[in-house]
Amino acid sequence: QVQVAESGGGLVQAGGSLKLSCQPSGRTRSSYKTGWFRQAPGKEREFVAAIDWTGRTTNYADSVKGRYTISRDNNKNLVYLEMNNLKPEDTAVYYCNGEIGPQFEAFGPWGQGSQVTVSS
């Protein structure tokens, strides 16, 4: 299994930017992706973005497309989530997952999450 650790969350004003980092530990199948999910208070965890091991294939939720960018630096063993033009509805705990199945049908262990709070 691929363990993960998230960092980089914080408090930001609406319209601002924030960059999260995910440090995976372990190996998985090459067809599996690494990505980000988020969970707002009282709501279910939802998909945000994913990236394959090469960094050349990405997926985004419609709600963040054009504002968020997922990337990775395998030399540094890090996966990033750049968040721009943040909105109050982006407020959530953001979780990284290092073993997302090809059809998003399976997941690896979750990290502790990183709180992102966007004020109006």
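Calculation notes
Residues numbered from 1 in each chain as written. Predicted model: local features only at pLDDT ≥ 70, side-chain atom pairs only at ≥ 80, totals over all residues. Heavy atoms only, no water. Helix = DSSP H or I, 4+ residues; strand = E, 2+ residues; numbered from the N terminus. Buried < 20%, exposed > 50% of the residue type's maximum accessible area, 1.4 Å probe, protein only. Contact = heavy atoms within 4.5 Å. Disulfide = S-S within 2.5 Å. Pairing = 2+ DSSP bridges. Axes fitted to C-alpha atoms, helices over the stretch in contact; angles between N-to-C directions. Salt bridge = Lys/Arg side-chain N within 4 Å of Asp/Glu carboxyl O. Phe/Tyr/Trp six-rings, centres within 6.5 Å; stacked < 30°, edge-to-face > 60°. Lys NZ or Arg CZ within 6 Å of the ring centre and 35° of its normal.

Visitor: Whenever I open this one, the environment of alanine 92 confuses me. Can you help?
Guide: One can find alanine 92 in strand β9 (residues 92–100). Overall, the relative accessible area of 2% leaves alanine 92 in the buried class. Sequence separation between alanine 92 and alanine 40 is 52 residues; the distance between their C-alpha atoms is 4.2 Å. The contact partners of alanine 92, leaving out residues within four places of it in the chain, are Arg38, Gln39, Ala40, Ser114, Gln115 and Val116.

Visitor: Would you mind showing me how to read the state of the cysteines here?
Guide: By definition, a disulfide is the covalent link that joins the sulfur atoms of two cysteine residues. Per the counting criterion, the structure on display carries one disulfide. With a sulfur-sulfur separation of 2.0 Å, cysteine 22 is cross-linked through a disulfide to cysteine 96. Looking along the S-S bond of the cysteine 22-cysteine 96 disulfide, the torsion reads about -75°, which is the left-handed sense. One end of the pair, cysteine 22, is in strand β3 (residues 18–25); the other, cysteine 96, is in strand β9, and 74 residues separate them in sequence. By relative accessible area, cysteine 22 is classed as buried at 0%.

Visitor: I would appreciate a short explanation of the sheet that holds β3 in the present structure.
Guide: In sheet architecture, strand pairing relies on hydrogen bonds along the backbone and comes in two forms, parallel and antiparallel. Taken in spatial order, the four strands make up an open sheet running β1-β3-β8-β7, and their pairing is antiparallel. Looking at strand neighbours, the two that pair on one side only are β1 (3–7) and β7 (68–73), the edges of this open sheet. Strand-to-strand twist in this sheet, taken as the mean axis angle between neighbours without regard to direction, amounts to 20°. Strand direction decides the pairing type here: β1 and β3, joined by five bridges, are antiparallel. Looking at β3, one finds that glutamine 3 is bridged to serine 25.

Visitor: Before we go on, may I ask you to explain the pattern of salt bridges in this structure?
Guide: Proximity of charged atoms lets side chains of opposite charge pair with each other. Applying the stated criterion across every chain, the model contains four salt bridges. The partner of glutamate 46 in a salt bridge is arginine 38, and the shortest N-O contact between them spans 2.7 Å. What makes glutamate 46 partly exposed here is its relative accessible area of 36%. One salt bridge connects arginine 38 with aspartate 90, and the closest N-O pair in it is separated by 2.9 Å. Here the residue arginine 38 occupies a position in strand β4 (residues 33–39), and aspartate 90 occupies one in the loop between β8 (78–83) and β9, the gap between them amounting to 52 residues. Looking at arginine 38, the relative accessible area reads 5%, which means it is buried.

Visitor: Looking at this structure, how should I read the packing of aromatic side chains?
Guide: The geometry of an aromatic ring pair is captured by the separation of the ring centres together with the interplanar angle, meaning the angle of the planes. Applying the stated criterion across every chain yields a total of six aromatic pairs. Seen from their ring centres, phenylalanine 47 and phenylalanine 104 are 5.1 Å apart, and the 75° between their planes marks the pair as edge-to-face. Here the residue phenylalanine 47 occupies a position in strand β5 (residues 46–51), and phenylalanine 104 occupies one in the loop between β9 and β10 (114–119), the gap between them amounting to 57 residues. With a relative accessible area of 29%, phenylalanine 104 lands in the partly exposed category. Here the aromatic cluster, defined as three or more aromatic residues joined through ring pairs, consists of Phe37, Phe47, Tyr95, Phe104, Phe107 and Trp110. The residue whose ring lies beneath lysine 19 is tyrosine 80, and the NZ or CZ to ring-centre distance is 4.2 Å. Stacked on the ring of tyrosine 95, the Lys or Arg arginine 45 has its end atom at 4.0 Å from the ring centre.

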